[in-house]
Amino acid sequence: MYYKSTRNSGVKITSAEAIVQGISEDGGLFVPSEIPSITMDEIVRLGDMSYAERAAYVFAKYLTDFTEAEIRYCTENAYNDKKFATDNIAEMSHLFDGTYILELWHGPTCAFKDMALQILPYLLTTSVKKININKKIVILVATSGDTGKAALEGFADVPGTQIMVFYPEDGVSPMQKRQMTTQSGENVGVCAVEGNFDDCQNGVKSIFTNEEIKTELDRNKMMFSSANSINWGRLAPQIIYYISAYATLVKDEEIKAGDKINIVVPTGNFGNILAAYYAKHMGVPVNKLICASNTNKVLTDFITTGVYDRNRQFFTTISPSMDILISSNLERLLYLMCGENDAQIREWFGSLAKDGRYEVTHEIKAKLAEEFAAGYCDDNETKATIKKIYDKYSYTLDTHSAVAVKVYEDYRQSTGDITKTVIASTASPYKFSASVLEAIEGKASSLDEFAMVDRLKELSGYDIPTSLAELKTKERRFNDVITKEQQKDYVLKQLSM
Ligand SMILES: *Cc1c(COP(=O)(O)O)cnc(C)c1O
């Protein structure tokens, strides 16, 4: 297997090269040359393995240039009980008749991004060694909250790497800010930017592509790489938990091998649901992939009409990790759906960059309708869903997972489809305590962030994740606040250049 670019099918590189490069020079994203298959027998056998073993088994199909020992080194270091609060790594909760919640947030930062960002540093440093790059890898991240912390936690003290995270000074929750500014590790840097997320992102992008800085880095035996979800090294680990979830359902006799399931995913950048699409096309029997959005419903509109149009109002919601109008990973789906027609992708994404809009062909619209369903809900419906599920099932959802549950309830009602269904749950309710408490108690809480966490424990009965409890007494290490113009100098200073 090799990897090609969605904007140039002629590119032919190994998985290690794709992981190190992050994004193709032509602006396209790397995809494997084919989707490897997994048989039902293989899936059933995974049921008897640990999560790390399941991961190694599936990775071997994608990282064909890695040795077995290299893959095992990565999976064993990432998926263990020192890093995750549960031996199972991902937990599955039976919510109501035939509906399961796949809890992907038992990692160190309490969001599903840990599932990929705990292993990415190992995949990346192993890849660097494999292709004989003798350089330090410098990771730059712009974050609106969850990715930054998960990347910091993943890369902290990983030899041969250095990481710098930029976040909008007034654009993250108090808990997220505290998570980042108290980060330990000798190779980490965290800095607030006076501006919004786009300012942070633009700064990082311009540093990435600055030829002068690149040359200077090269002279100092360093290079940039990316930890966001355009990197294949972040997507591949996400395929695993869908296959693993199916194996668990069979093992627990909730379904019979071969039965179809639906998968519901609260979606932003389209990475998580694309991983479910890959799992389906490898061999997991899936009826519908259900894409759930908040009020920023650009994806619901796209899936139902075939028109992608980002020229619309941007809303700030209580599910902030889904507040996004450009879903990068959609490019990979469309590349697969249009028969790997790179010219077509260049046309659509050129038009997205230029006019903020494109419309796919009838053929693709039909494929989207066949494989996907989509829906959205607003903040009030999200809160009402948290309250309803809490009252009815004593289960506490976070704001993102609640969007998925609501969209699924609407889907089930309008279609009458009673196929057993797995709903991806992407964050611990403790990470969004204020909104979750408001939903359950019916009014905004006046407590401080940590008192809210304690109150939520009284209501939910769930253990407070140690990593969040520790923040209360953890010392703040990073106080820098800079303007967007100062980002470049900040990076150079951190690298002592
Ligand atoms: C990142 C994130 C999402 C969106 O996932 P995508 O892969 O970008 O679609 C949903 N929920 C939470 C809590 C997240 O952190």
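Scroll up to find the structure this text is about.
Participant: How do you make sense of the overall build of the protein when you look at a structure like this?
Facilitator: Of the regular secondary structure elements, the protein holds 22 helices and 16 strands. Since a compact globule built from 497 residues should have a radius of gyration of about 23 Å, the 21 Å found for the protein is in line with a globular shape. Seen through its C-alpha atoms, the protein measures out along the principal axes to roughly 60 × 55 × 45 Å. Of all 497 residues assigned to the protein, the portion counted as buried reaches 58%. In the protein, once contacts between residues fewer than 6 apart in sequence are set aside, the share between residues at least 24 apart is 73%. Charge centroids of the protein, computed over 54 positive and 67 negative side chains, lie 1 Å from each other.

Participant: Explanation requested: the nonpolar core in the structure shown.
Facilitator: A general tendency of soluble globular proteins is for nonpolar side chains to be buried together. Ranked by internal contacts, the top residues of the largest apolar core, which has 112 residues, are Tyr242, Ile243, Leu334, Tyr358 and Phe372. Ranked by the residues each element gives to this core, the list is headed by helix α11 (residues 232–251), at 13 residues. If sequence neighbours within four positions are ignored, phenylalanine 372 has contacts with Phe270, Ile273, Tyr277, Lys288, Leu289, Ile303, Leu333 and Met337. Of all hydrophobic cores here, the second largest spans 36 residues; its members include Ile290, Ala404, Phe450 and Leu468.

Participant: How do you make sense of helix α22 (residues 487–494) when you look at a structure like this?
Facilitator: Think of an α-helix as turning once every 3.6 residues; residues three or four places apart then point the same way. Taken residue by residue, α22 has Gln487, Tyr490, Val491 and Leu492 as its buried positions. Note on α22: the residue one or two positions beyond its end, serine 496, has a positive phi of about 50°.

Participant: Help me understand the packing of helix α12 (residues 271–282) against helix α14 (residues 330–337), please; the structure alone is not making it clear to me.
Facilitator: Helix-helix packing is described using two parameters, namely the angle between the two axes and the distance between the axes. Two elements in contact, α12 and α14, have axes whose closest approach is 9 Å; the angle formed by their N-to-C orientations is 30°. As far as their axial angle goes, α14 and α12 are roughly parallel. Contact residues: Leu274, Tyr277 and Tyr278 in α12; Arg332, Leu333, Leu336 and Met337 in α14. Partitioning the contact of α12 with α14 into residue classes produces six nonpolar, no polar and one charged.

Participant: What exactly am I supposed to notice about the sheet that holds strand β5 (residues 99–103) here?
Facilitator: Working definition: the strands of a sheet are paired by backbone hydrogen bonds and lie parallel or antiparallel to each other. The strand order across the open sheet formed by six strands is β4-β5-β15-β10-β11-β14, and the pairing between neighbours is mixed. Each edge of the sheet is formed by a strand with only one pairing partner; in this case those strands are β4 (91–96) and β14 (372–376). Between one strand and the next, the sheet's axes are offset by a mean angle of 25°, whatever the strand orientation. Pairing geometry for β4 and β5, over five bridges, is antiparallel. Bridged to phenylalanine 96 within β5 is threonine 99. Packed onto the sheet, helix α13 (residues 298–305) meets β11 (286–293) and β14 and runs at close to 140° relative to β14.

Participant: I keep staring at the site of the ligand and nothing clicks. Help me out?
Facilitator: Surrounding the ligand, one finds 15 residues, the nearest of these being Lys113, Asp146, Gly268, Asn269 and Thr426. A distance of 2.7 Å separates an oxygen atom of the ligand from a polar backbone atom of asparagine 269. Between the ligand and threonine 426 there is a distance of 2.9 Å, counted from a nitrogen atom to a side-chain nitrogen or oxygen. In isolation the ligand offers 390 Å² of accessible surface; the protein chains occlude 96% of this area. Per-class residue counts for the shell around the ligand are five nonpolar, eight polar and two charged.

Participant: Just to check I follow, could you spell out the pattern of salt bridges for this structure?
Facilitator: Proximity of charged atoms lets side chains of opposite charge pair with each other. Enumeration over the complete set of coordinates arrives at 29 salt bridges. Of the charged contacts, one joins glutamate 216 and arginine 219 as a salt bridge, the two residues approaching to 2.9 Å between their closest N and O atoms. Of the two residues, glutamate 216 and arginine 219 are both situated in helix α10 (residues 211–219); the distance of three residues between them amounts to about one turn of the helix. Taking the relative accessible area as the measure of exposure, glutamate 216 reaches 27% and is therefore partly exposed. Between aspartate 309 and arginine 357 there is a salt bridge, and its shortest N-O distance comes to 4.0 Å. Placement of the pair is aspartate 309 in strand β12 (residues 307–309) and arginine 357 in strand β13 (residues 357–359), with a sequence separation of 48 residues.

Participant: Explain the sheet that holds strand β3 (residues 30–32) here, please?
Facilitator: Taken in spatial order, the three strands of this open sheet run β2-β1-β3, and their pairing is antiparallel. Every interior strand has two partners, whereas the edge strands, β2 (8–13) and β3, have only one. Taking each pair of neighbouring strands and ignoring which way they run, the sheet shows an average axis angle of 40°. Where strand β1 (residues 3–5) lies against β2, two bridges are found, and the strand directions are antiparallel. Opposite serine 5, over in β2, you have asparagine 8 as the bridge partner.

Participant: I keep staring at unusual backbone geometry and nothing clicks. Help me out?
Facilitator: A negative phi holds for most residues other than glycine; trans holds for most peptide bonds. Even without glycine at this site, isoleucine 89 takes up a positive phi of about 65°. Its location among the elements puts isoleucine 89 in the loop between α4 (68–78) and β4. Given a relative accessible area of 1%, isoleucine 89 falls into the buried group. Positive phi values are uncommon outside glycine, yet aspartate 157 reaches one of about 60°. In this fold, aspartate 157 is placed in the loop between α7 (146–155) and β7 (161–168). By relative accessible area, which is 48% here, aspartate 157 ends up partly exposed.

Participant: I tried to follow the state of the cysteines on my own but got confused; where do I start?
Facilitator: Scanning the model with the defined rule gives zero disulfides in all. Between cysteine 191, a free cysteine, and cysteine 200, which holds the nearest cysteine sulfur, the sulfur-to-sulfur gap is 8.8 Å. Cysteine 291 takes part in no disulfide bond, and the closest cysteine sulfur, belonging to cysteine 377, lies 12 Å away. Since its relative accessible area comes to 0%, cysteine 291 is described here as buried.

Participant: In this structure, what is going on with the packing of aromatic side chains? I would like to understand it.
Facilitator: Here the distance between the centres and the angle between the planes together describe a pair of aromatic rings. For the structure on display, the rule yields 19 aromatic pairs. The structure contains a cluster of three or more aromatic residues connected by ring pairs, namely Phe302, Tyr308, Trp348, Phe349 and Tyr358. When the ring centre of tyrosine 2 is taken as reference, the NZ or CZ atom of lysine 12 above it lies at 4.7 Å. Of note, lysine 297 hangs over the ring of tyrosine 376, and the distance from its end group to the ring centre comes to 5.1 Å.

Reading the values: the criteria
- Residue numbers run consecutively from 1 along every chain, following the written order of its sequence.
- Given that the model is predicted, a residue must reach a pLDDT of at least 70 before its local features are reported, and side-chain atom pairs must reach 80 or more before they are shown or counted; all residues, however, enter totals for whole chains, interfaces and linings.
- Based on all heavy atoms of the structure, the side-chain values leave hydrogens and waters out of the count.
- Counting from the N terminus, the helices are the DSSP runs of H or I reaching at least four residues and the strands are the DSSP runs of E reaching at least two.
- Here the globule rule is a power law, 2.2 Å times the number of residues to the power 0.38, and the radius of gyration is based on C-alpha atoms.
- The rule is simple: take the accessible area with a 1.4 Å probe, protein chains only, and divide by the maximum for that residue type; under 20% is buried, over 50% is exposed, in between is partly exposed.
- By definition, residues are in contact when any of their heavy atoms lie within 4.5 Å.
- Charged residues are defined here as Lys and Arg on the positive side and Asp and Glu on the negative side; His and the ends of the chain fall outside this count.
- Charge coordinates come from a single atom per side chain, which is NZ of Lys, CZ of Arg, CG of Asp or CD of Glu.
- In this text, buried Ala, Val, Leu, Ile, Met, Phe, Trp, Tyr and Cys residues form a nonpolar core when linked through side-chain atoms within 4.5 Å.
- Lines are fitted to the C-alpha atoms to define the axes, a helix being fitted only along its stretch in contact, and any angle between axes, read from their N-to-C directions, falls within 0 to 180 degrees.
- Any angle that is under 35 degrees is reported as roughly parallel, and any over 145 degrees as roughly antiparallel; angles of 65 to 115 degrees are reported as roughly perpendicular and all others as oblique.
- Classification convention: Asp, Glu, Lys, Arg as charged; Ala, Val, Leu, Ile, Met, Phe, Trp, Tyr, Cys, Pro as nonpolar; all other residues, Gly among them, as polar.
- The rule for pairing is simple: two strands pair if DSSP sees at least two bridges between them.
- One heavy atom suffices: a residue is near a molecule or strand as soon as one of its heavy atoms comes within 4 Å of it.
- Pairs of N or O atoms are called polar contacts if they sit within 3.5 Å, as long as, within protein, a hydrogen donor faces a hydrogen acceptor (for residues adjacent in sequence, only side-chain-to-side-chain pairs).
- For every accessible area listed, the method is Shrake-Rupley and the probe measures 1.4 Å; residues are considered covered only by the protein chains on display.
- What counts as a salt bridge is simple: a side-chain nitrogen of Lys or Arg found within 4 Å of a carboxyl oxygen of Asp or Glu.
- The rule for a disulfide is simple: a pair of cysteine sulfur atoms within 2.5 Å.
- Within 6.5 Å between ring centres, the rings of Phe, Tyr and Trp (the latter by its six-membered ring) count as paired, and their orientation is classed by plane angle as stacked under 30 degrees, edge-to-face over 60, tilted in between.
- Charge over a ring is defined by NZ of Lys or CZ of Arg lying within 6 Å of the ring centre and within 35 degrees of the ring normal.

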